[in-house]
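Structure assessment
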Amino acid sequence: FGSRSARPKSRHFSHCKLLFQFAEMAPKFDPNEVKVVYLRQYGGEQAPSSVLAPKVGPLGMSPKKVGDDIVKGTSQWKGIRVTVRLSI
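A brief look at the structure comes next.

Calculation rules
Residues numbered from 1 in each chain as written. Predicted model: local features only at pLDDT ≥ 70, side-chain atom pairs only at ≥ 80, totals over all residues. Heavy atoms only, no water. Helix = DSSP H or I, 4+ residues; strand = E, 2+ residues; numbered from the N terminus. Buried < 20%, exposed > 50% of the residue type's maximum accessible area, 1.4 Å probe, protein only. Contact = heavy atoms within 4.5 Å. Areas by Shrake-Rupley, 256 points an atom, 1.4 Å probe, with all protein chains shown as cover.

Turning our eyes to something else, we now look at the overall build of the protein chain. The helix and strand inventory of the protein chain stands at four helices and two strands. Element order for the protein chain, N to C, with α for helix and β for strand: α-α-β-α-α-β. A burial count over the protein chain gives 18% of its 88 residues as buried. For the protein chain, the share of sequence-separated contacts (at least 6 apart) that also reach a separation of at least 24 residues comes to 70%. Carbon and sulfur atoms form 59% of the exposed surface of the protein chain, whose accessible area is close to 7,400 Å².

Looking now at the side chain of Thr-74. Within the secondary structure, Thr-74 is located in the loop between α4 (63–73) and β2 (81–87). The exposure class of Thr-74 is buried, given its relative accessible area of 8%. Leave out the neighbours within four places in its chain, and Thr-74 touches Gly-43, Gly-44, Val-82 and Val-84.

The following block contains the structure:
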């Protein structure tokens, strides 16, 4: 039990300061950059939001609207597993 008090306490706080510095330096968003997202799902069926949200949410798009567009675009391949390429 005595070894716990022997550790330097400042090490923990310096580590936290370092984490906060990295959290503030987020990359800037470029509106002209084209992002490509690949999805694999059944044609003509709505993909779950839990699949779409992590991929298109950070790009500022609604997973529901993207899912609806995918359903319209893949309606010819209903029931077949297709790869969808989204250029955002």
